[in-house]
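Next come the chains, spelled out residue by residue.
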Amino acid sequence: MDMTTCLKSLLLAIQQYRAGRTAQNAAQLQKQVEEVSGLRCDQLLSSGQLLPNECVSGLVELAGNPNTSLTLTSSIISLLAQLACDDNSREILHSSYNLTSTLASVIHCHSATPGEPLVLQCLQVLQKLTYNTRIFQSTNYIHELIAFLVTNIQSHNDELIMPCLGLMANLCRDNHSMQSHIRSLDNVKPFYRTLISFLAHNSLTVVVFTLSILASLTLNEKVGEKLFDAKNIHQTFQLVFNIIVNGNGTLTREYSVDLLVDLLKNPKIADYLTRYQHFSACVSQVLGLLQSKDPDSAAKVLELLLAMCSVSGLRSLLCEVVFRPAGPKLRAAGCRQGTGLDAGRKAESGLALVQWLSSPVDGAESCSLQALQLLNELLEEALGAESVSDCVLSFIEMLLPVLLGLLQGPDPAQGDAHIRKHCRRITHVTSLLLIMCAEDSTRPVVSRQVSAQLCLSQVEALLSCCHGNSPLSCPPPGSDCDLTQVCAEALLRTLELMSKLRQQVKDMETSFYRILQDQRIVTPISLALTSHHRERVQIGLSLLFEATPLPDFPSLVLGESIAANNAYRQREAELSVKRVAVQEVPPSSILDCSNGSSGPSRSVHSLAEKIQNGLELQEHVKNSHVSEIIDVYEQKISAFASKENRLQDLLEAKALALSQADRLIAQFRFQRAQAEAEACKLGSLLKESERRREDLQGELSGQVLEVERSKADMEELLQHNARLQQDSEEHQALKGAYNTLLNRFNESERLLKELQAAHISLTKQNDALRKSSEALQLQNEKMASVLEEREAEVTSLHSDLQQKNSDIAALQGELRAEEEKLQEKDRERRDLEETVDVLRKELNKTEQARKDASIKASSLELQKSQLEAKLKQKEDELNKHSAMISMIHSLSSRKIKCDVDLSL
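Residues numbered from 1 in each chain as written. Predicted model: local features only at pLDDT ≥ 70, side-chain atom pairs only at ≥ 80, totals over all residues. Heavy atoms only, no water.

With that out of the way, let us pick up unusual backbone geometry. One non-glycine residue, Asn-132, adopts positive backbone phi at about 60°. With respect to the helices and strands, Asn-132 occurs in the loop between helix 7 (117-129) and helix 8 (142-153). The backbone of Tyr-141 shows a phi angle near 65°, a positive value even though the residue is not glycine. Mapped onto the elements of the fold, Tyr-141 is located in the loop between helix 7 and helix 8. (Helix = DSSP H or I, 4+ residues; strand = E, 2+ residues; numbered from the N terminus.)

Written out as structure tokens, the structure is:
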């Protein structure tokens, strides 16, 4: 089932449940809520569609209703928590649907049973919803929520302590009104004591939440001065850095970073951090977190480093850590691994930043932009020094290919959001390159790697986005998020980079002046000149000074564009005033205006009559000029015409407002119900406050005793803190001595093992050499005996050689005789070959005669077979005739015998 069908079914179930709160309707609504929860709900609220808004409004109303069952309320809150998947959705749920006050009311309704699972669920959702969000003190049920949090934090309920502390940290951070309200509570001092006791908790998350609350509430008070003074602040720094590096989860790391960022806003604590002796080591460990693939952790780490860059004393220390090269041990380890220089450079802290530069803009855009901003700050600090170190130059040479790889044209097929993110990154990259070009030591490094073709292709791609005939669907200009404005800023930065490098890079000057004479450049320059940002205006003016002397620069088109931008801004300002004014104009006045605007001719006739009456009245006045009066009335007529146009705009704005009335009515009903409940609650609170005022008069003396006890407790805590600090220093000293002895022991053990291995190898070599010497001695003796035998053999072979020589001479004589015989045999062979040739010719003739004879024989054979067939035929005929003759002969002999018998 698709999302639209599910939302329609959910809205129908909500309406049915409102009409009748039966068990069947509740079960149906529960089923629909679970079905929507099983679907993907990303960006559902930010889509701006009416159907999701109606469903969420109904769900929030049902969740805040005390008559809704606990199971259904829990399912609804789970779905709402699933919808709050990003910062934009959380802001919409908080501001448009008052989900914060709704969840606070649910907690207030079940405050008597804090162990209820629904209360824990609401606290967790509220912690997620209020992170980095300022909650106003006037929000409904916020005072009850704070009282609930304070009470349950002091109750030592392990299940509720962590979410209550996290929610309290969110409510207190950067919220002075909320901090003042909490400080004014009656039980704030026991609350402080409970928080201080939590600093020794075994959970790092609880410790971070507690430190965040204490920093928000007590940083500028006496309690905070004692907690975060010069004696304790170094331990706090070490604790926070340890939690950031070794924290169990992203949530703990986020709150730790927020805590340190808040502490850095205090100048005294920032100064303490500049003098913190372990700062470089801690920052190196924090930079090591950037090597992970988690974009959330990387974003928080980069946020912390950017906050440190805002402190002048810390920025130089950060430069030393980031641009510090790998140590010799790390480089040697990298070489042993067989990866050469690259493996050794992987240990550099700056490489962890470079890893996030080329991350995809759709997945980790904030990390990429934050890394670029951080490098911008650090390189500006490093290159602004009197002398640029070799480490910085080597880092820049390593960084430049990565930055140039990011200078690629945006892909229009991926949508406006992708193009906007890509252009923002191009702006930061070119700003970083401009910082490098500002120094004489780094400008040649940049000019060697930047090409004119790269800048030209980048400008062409950005011009296609800025141009008015671009197929991109840009929203109207005038806002910071405007796609055209973002592309124009990236384009201006690229042109400024080309201007800086036009003398150092080949063909850069030609490309720069050619781009300035393109008519499409009018749009970004006009946007820059009419911008309210000072830096953009300065860049636009510098480019305009470069472009005006060029012959084909479109000056007239630029003037028209600037005028059009100014007119559009004025029109937008007027419309914004009208949109605000339409909220204040009652419907009756708008109706009267509409009736007046429907008859412009009547208005003109009435004005003409007034002019005529005015002229008649002015006839009796001396020294009056009719032409001046006519001018005045013409101005009044034009003013009335402009008022009619404004009224028409008001009608259009009212029509737009009426289209949103249905959604607002539901919200107003819910707010009215909340207001009535709030009024009843305020009445009861008034009575309660009167009663409490009488009770507080009696408790005043008890508070004085409580103050004295708190002073004694504070003194004990300070003494205990001093003892702990002394123990910590002793522990650090013992730890350093132990590490030194351990290193010496490890080194000695390593040397002992090496010497033992060398001794064993030398012993083996000695045995092998002794055995080889004995074998060589035996071999020498054998060779001597063999040599004597070989000498005897040589003597015998010499005598044999002489005998063989005499035999060879005899054999040579025989060989000559044999050669003569062979020559004679050759002559005989040639004669025989000639005879064989003659015989072969005669044989061929005989063969031909044989073939002829065989042919004749075959013809005779054929004739013979024919004659034999004829002969056989004649024989057959002869046999037949013989048989007939014998038959006749036998018949004739029988007849004669019969005749003989008859005669007898």
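Next, the rest of the story.
Working definition: two side chains of opposite charge can pair if their charged atoms are close together. Per the counting criterion, the structure on display carries 30 salt bridges. Note that Lys-265 is salt-bridged to Asp-262, the shortest N-O span being 3.8 Å. The buried category is assigned to Asp-262, whose relative accessible area is 13%. Taken together, the shared-partner salt bridges connect Arg-173, Asp-174, Asp-258, Asp-262, Lys-265, Lys-300 and Glu-303 into one network. (Salt bridge = Lys/Arg side-chain N within 4 Å of Asp/Glu carboxyl O. Buried < 20%, exposed > 50% of the residue type's maximum accessible area, 1.4 Å probe, protein only.)

Following the criterion strictly, the structure yields five aromatic pairs and no others. In this structure an aromatic cluster arises from ring pairing among Tyr-131, Phe-209 and Tyr-255. (Phe/Tyr/Trp six-rings, centres within 6.5 Å; stacked < 30°, edge-to-face > 60°.)

Right, let's talk about the side chain of Lys-300 for a bit. Within the fold, Lys-300 resides in helix 18 (residues 295-309). Among the polar contacts made by the side chain of Lys-300, one reaches the side chain of Tyr-131 at a distance of 3.1 Å. The residues contacting Lys-300, other than those within four sequence positions of it, are Tyr-131, Glu-254, Val-257 and Asp-258. (Polar contact = N/O pair within 3.5 Å; in protein donor to acceptor, adjacent residues only side chain to side chain. Contact = heavy atoms within 4.5 Å.)

Time to look at the side chain of Asn-721. Relative to the helices and strands, Asn-721 resides in helix 36 (residues 661-903). The contacts of Asn-721, once residues within four sequence positions are left out, are Asn-232 and Gln-235.

Before going further, it helps to spend a moment on the confidence of the model for the chain. Residue-level pLDDT values for the chain average 80, and 83% of them are 70 or greater. Note that pLDDT drops below 50 for residues 326-347; the model gives that stretch 18 contacts with residues more than four away or on any other chain. Here residues 580-605 scores under 50 on pLDDT; set against residues more than four positions off or in separate chains, the count is 15 contacts. (pLDDT = per-residue confidence, 0-100.)

Inspection of the secondary structure puts Arg-536 in helix 31 (residues 534-547). Given the relative accessible area of 13%, Arg-536 is considered buried. A sequence separation of 48 residues divides Arg-536 from Ala-488, and the C-alpha atoms of the two residues are 9.7 Å apart. If near-sequence neighbours (up to four positions away) are discounted, Arg-536 is found in contact with Gln-485, Glu-489, Ala-528 and Ser-531.

The next point concerns the nonpolar core. Side chains that are nonpolar tend, in soluble globular proteins, to be buried together. Ranked by size, the top nonpolar core spans 201 residues in total, and within it Met-168, Met-308, Leu-399, Leu-433 and Met-436 carry the most contacts. Sorting elements by how many residues they give to this core places helix 28 (residues 483-501) first, with eleven residues. Contact partners of Leu-433, with chain neighbours within four places excluded, come to Leu-400, Leu-403, Leu-404, Leu-407, Val-446 and Leu-497. (Core = buried A, V, L, I, M, F, W, Y, C linked by side-chain atoms within 4.5 Å.)

This part takes up empty space enclosed by the protein. Applying the stated criterion across every chain yields a total of three cavities of 30 Å³ or more. Here the second largest cavity defines a volume of roughly 40 Å³. As for the second largest cavity, its lining consists of Leu-7, Leu-10, Val-36, Leu-44, Pro-52, Cys-55, Val-56, Leu-59, Leu-79 and Leu-83. Among the elements that take part in the lining of the second largest cavity, helix 3 (residues 50-64) stands out by supplying four residues, more than any other. (1 Å grid on protein atoms, 1.4 Å probe; cavity = no way out; pocket = protein on both sides within 12 Å on 5 of 7 lines; lining within 4 Å. Points joined across faces, edges and corners; volume = space filled by probe spheres on them.)

Moving on to the packing of helix 8 against helix 9 (residues 158-172). Following both chains from N to C, one finds helix 8 and helix 9 inclined at 135°, their axes separated by 9 Å at the closest point. Relative to helix 9, the element helix 8 lies oblique. In terms of crossing hand, the pair formed by helix 8 and helix 9 is left-handed. The residues of helix 9 that touch helix 8, namely those facing Ile-142, Leu-145, Ile-146, Leu-149, Val-150, Asn-152 and Ile-153, are Leu-160, Cys-164, Leu-165, Leu-167, Met-168 and Leu-171. For the contact of helix 8 with helix 9, the residue count by class is twelve nonpolar, one polar and no charged. (Axes fitted to C-alpha atoms, helices over the stretch in contact; angles between N-to-C directions. Parallel < 35°, antiparallel > 145°, perpendicular 65-115°, else oblique. Left-handed = near helix turned anticlockwise from the far one by under 90°. Nonpolar A, V, L, I, M, F, W, Y, C, P; charged D, E, K, R; others polar.)

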